[in-house]
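Below are the chains, spelled out letter by letter.
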Amino acid sequence: MIRKCLFPVAGYGTRFLPATKSMPKEMLPVVNKPLVQYGVEEAVAAGLDNVTFVTGRGKRAIADHFDISYELEHQIAGTAKEEYLEGIRSLIDNVNFSFTRQHNMLGLGHAILTGEPLIGDEAFGVVLADDLCIGEDGVSVMEQMAKLYKQFRCSIVAIQEVPEDEVHKYGVIAGDSMMEGLFRVTDMVEKPKKEDAPSNLAIIGRYILTPDIFDKIRETPPGANGEVQITDAILRQAKEGCVLAYKFKGRRFDCGSVEGFVDATNYCFEHFYKQSK
Ligand code: UTP
């Protein structure tokens, strides 16, 4: 049973400048809820109610969001506006939040390793909050993956088919098909050129990792830009043991890009916000 979920949120969010100059990318609102809250709700729906953030400089708004705001709550107590805070209050009451800081932004692999003391020796989920995922039939993507983990007990990466001319933005897998939508990973390439990509199956921001990943990250030398890629460490796990790639059921919006963010906003406005009115 997986209990913990890691949120690496230390990145600079340069694709969203100037909005992210002094505000964390993860706090950008999709309609009326910050991106990171969608991610936490997804993790909690999968039973992962110990949430760890790897934050960095300029990210304090995330910690404040998952804390009580006494003055504000006092101000709106007894008014109709109280209902706006119900969702976040329920998370604050039911989730155990912890925080650590990545001092130098040396890549996703390094960010995950920074979370090791708060994760310890157990399998855990990873959510990149800028990928907003909406599971099919109300089953969150992390919930789908946690179910698979129960069966297979190994690291799992979420994948989606992308157009060939977009593979250079992603980690891309090669794998042997095990059953509908599930592959055993045989190779992984980070941001390949179209002609070098082993497939069009791209890794998106949802992972379940077994704790041996920390040693694998430590064994992974930094790449050309000094960043430690998580893909390299997961490939080591795949070569020495087993890693699965799961074509999740649902939709995913790349909210780290302006286009994906606008698409997510339109989708959530139509499907969630308007429905709730
Ligand atoms: P991205 O590369 O998508 O995010 O990293 P970024 O660096 O914030 O955005 P751009 O590319 O400059 O626009 C994927 C995830 O990994 C986290 C980011 O916060 C994001 O959630 N990350 C990345 C870290 O926590 N630390 C790092 O050193 C790098």
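Residues numbered from 1 in each chain as written. Predicted model: local features only at pLDDT ≥ 70, side-chain atom pairs only at ≥ 80, totals over all residues. Heavy atoms only, no water.

- Per an unreviewed UniProt entry, the protein chain goes by the name UTP--glucose-1-phosphate uridylyltransferase and belongs to Marinomonas piezotolerans.
- UniProt lists a comment for the protein chain under the heading Function (unreviewed entry), and it reads "May play a role in stationary phase survival."
- Under the Sequence similarities (unreviewed entry) heading, UniProt states for the protein chain: "Belongs to the UDPGP type 2 family." (UniProt positions renumbered as here; feature names shortened; annotations may be inferred.)

Regarding the layout of surface pockets
Moving on, step 1. Roughly 1,200 Å³ of volume is contained in the largest pocket.
Moving on, step 2. Lining the largest pocket are 38 residues, and of these Arg15, Leu108, Leu128, Asp130 and Lys191 lie nearest its centre.
Moving on, step 3. Elements supplying a minimum of two residues to the lining of the largest pocket: helix H5 (108–114), strand S11 (201–209), helix H9 (230–240) and strand S13 (250–254).
Moving on, step 4. Counting residues per element, the lining of the largest pocket draws most heavily on S11, which supplies 4 residues.
Moving on, step 5. Here the residues of the lining of the largest pocket are counted per class, giving 16 nonpolar, 11 polar and 11 charged.
Moving on, step 6. By volume, the second largest pocket amounts to about 810 Å³.
Moving on, step 7. Asn32, Lys33, Tyr38, Glu41 and Phe272 are, among the 33 residues lining the second largest pocket, the residues nearest its centre.
Moving on, step 8. Contributions of two or more residues to the lining of the second largest pocket are made by strand S3 (33–34), helix H1 (35–45), helix H4 (86–94), strand S7 (131–135) and helix H10 (258–276).
Moving on, step 9. With 7 residues, the top contributor of residues to the lining of the second largest pocket is H1.
Moving on, step 10. Each residue belonging to the lining of the second largest pocket can be placed in one class, and the counts come to 17 nonpolar, 9 polar and 7 charged. (1 Å grid on protein atoms, 1.4 Å probe; cavity = no way out; pocket = protein on both sides within 12 Å on 5 of 7 lines; lining within 4 Å. Points joined across faces, edges and corners; volume = space filled by probe spheres on them. Helix = DSSP H or I, 4+ residues; strand = E, 2+ residues; numbered from the N terminus. Nonpolar A, V, L, I, M, F, W, Y, C, P; charged D, E, K, R; others polar.)

Examining the packing of H1 against H4
Moving on, step 1. The interhelical angle for the contact between H1 and H4, taken along N-to-C directions, is 55 degrees, at an axis separation of 11 Å. Taken together, the axes of H1 and H4 are oblique relative to one another. Pair H1 / H4 crosses with left-handed handedness. On H4, the residues touching Gln37, Val40, Glu41 and Val44 of H1 are Gly87, Ile88 and Leu91.
Moving on, step 2. Along the lines of polarity and charge, the residues of the contact of H1 with H4 split into 4 nonpolar, 2 polar and 1 charged. (Axes fitted to C-alpha atoms, helices over the stretch in contact; angles between N-to-C directions. Parallel < 35°, antiparallel > 145°, perpendicular 65-115°, else oblique. Left-handed = near helix turned anticlockwise from the far one by under 90°. Contact = heavy atoms within 4.5 Å.)

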